[in-house]
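Now for the letters of each chain:
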Amino acid sequence: MTAPPGLGAVHAAVGRYYTGCLRRHGATPLGVDWRCLPTQQLRFARLLQLVESWDGVSINDLGCGYGALLDFLAERHDPAGIDYCGADLSAAMIRRARRRWPRHAFRIGATPGRVADYGLASGLFNVRLDHPEPLWEVFIRDTLGILHATSRRGFAVNFMLPRADGQPGREGLYRTRPEPWIRHCETAFGADVTLASGDGLGEFTLLVRRPPAPP
Ligand SMILES: C[S@@+](CC[C@H](N)C(=O)[O-])C[C@H]1O[C@@H](n2cnc3c(N)ncnc32)[C@H](O)[C@@H]1O
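This one's a predicted model, so the numbers in the text were calculated from it and none came from an experiment. (Residues numbered from 1 in each chain as written. Predicted model: local features only at pLDDT ≥ 70, side-chain atom pairs only at ≥ 80, totals over all residues.)

1. Looking at the overall build of the protein chain
The helix and strand tally for the protein chain stands at six helices and seven strands. In terms of C-alpha radius of gyration, the protein chain reaches 16 Å, essentially the compact-globule figure of 17 Å for 215 residues. For the protein chain, buried positions account for 35% of its 215 residues. The long-range share in the protein chain, meaning contacts at least 24 apart out of those at least 6 apart in sequence, stands at 68%. (Helix = DSSP H or I, 4+ residues; strand = E, 2+ residues; numbered from the N terminus. Rg over C-alpha atoms; globule rule 2.2 N^0.38 Å. Buried ≥ 20, exposed ≤ 12 C-beta atoms within 10 Å, placed from the backbone. Contact = placed C-beta atoms within 7 Å.)

2. Focus: the site of the ligand
Close to the ligand lie 21 residues; Tyr 18, Val 32, Gly 63, Gly 65 and Gly 123 are nearest. Taken together, the elements giving at least two residues each to the shell around the ligand come down to α1 (7–25) and β2 (83–88). Taken together, the residues of the shell around the ligand sort by class into eleven nonpolar, eight polar and two charged. (Near = placed C-beta within 6 Å. Nonpolar A, V, L, I, M, F, W, Y, C, P; charged D, E, K, R; others polar.)

3. Some details on unusual backbone geometry
The backbone of Asp 33 shows a phi angle near 70°, a positive value even though the residue is not glycine. Topologically, Asp 33 is positioned in the loop between α1 and α2 (37–47). Despite not being glycine, Leu 129 has its phi angle at roughly 60°, a positive value.

4. Considering the sheet that holds β2
In spatial order, the strands read β3-β2-β1-β4-β5-β7-β6; together these seven strands make up an open sheet with mixed pairing. Two strands bound the open sheet, and with one partner strand each, they are β3 (105–108) and β6 (192–197). Put simply, the sheet's adjacent strands are angled 15° from each other on average, direction ignored. Across the sheet, α2 lies against β4 (116–121), β5 (151–160), β6 and β7 (203–209), angled at about 145° from β5, the strand it touches most. The sheet contacts of helix α5 (residues 133–149) involve β1 (58–62), β4 and β5, and relative to β5 the element is tilted by about 150°. (Pairing = 2+ DSSP bridges. Axes fitted to C-alpha atoms, helices over the stretch in contact; angles between N-to-C directions.)

5. Points about helix α4 (residues 91–100)
Those residues of α4 that sit buried are Met 93, Ile 94, Arg 96 and Ala 97. With its buried residues spanning 160° around the axis, α4 presents them on a single face. Among the exposed residues of α4, those oriented more than 90 degrees off its buried face are Ala 91 and Arg 99. Residues of α4 that are buried make contact with α1, β2 and β3. (Arc of directions from axis to C-beta.)

Below, the structure is given as structure tokens:
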């Protein structure tokens, strides 16, 4: 899959940014620009609400970082029983993830390169860097398209909400109301979209289910 014009540079900048986080903080929540482990894991719990059955499930983890989702899953399920593939734009993240989880599949890039039951993506859209918002929204639409194309049953993603005090906050972050992205997933993918929010994180999660194929 080739990225639309302009997105190659966006992918490269995002990869460099997160490689820098990893160099500074190692395989820790700060190393993927999260504040702490409990909130990183709360996001995983929200995204995993999408999974209806764990029996023989396959999961693509887009923007997998150093593979923290596998740590979370391993506390709850036998990791050997989960058909998992992680992908990330940062080659350094993927090297670290492979060292941490040598029996699982990882791939450098913006696509998992295979179809799985579910696609999960935590934290991909928050740090816009200095990209203009319209270009960043092209990046989001392209990434959602990849998640849809590579997920048999559905995918889950999260976004930051506008700040409750109405202030712009830290520069270079992307904040949005849920409605435009719910509408996008409904119209572009014909999906059933469930909104999960209200956990005090100032974020929301979309659970985007593919409707069953007609008989
Ligand atoms: C905030 S970090 C979160 C990492 C991991 N999901 C977690 O929660 O621990 C976002 C990660 O997504 C990667 N990323 C961002 N956009 C991506 C894309 N379109 N395709 C693949 N990886 C992406 C970044 O390189 C970074 O490692």
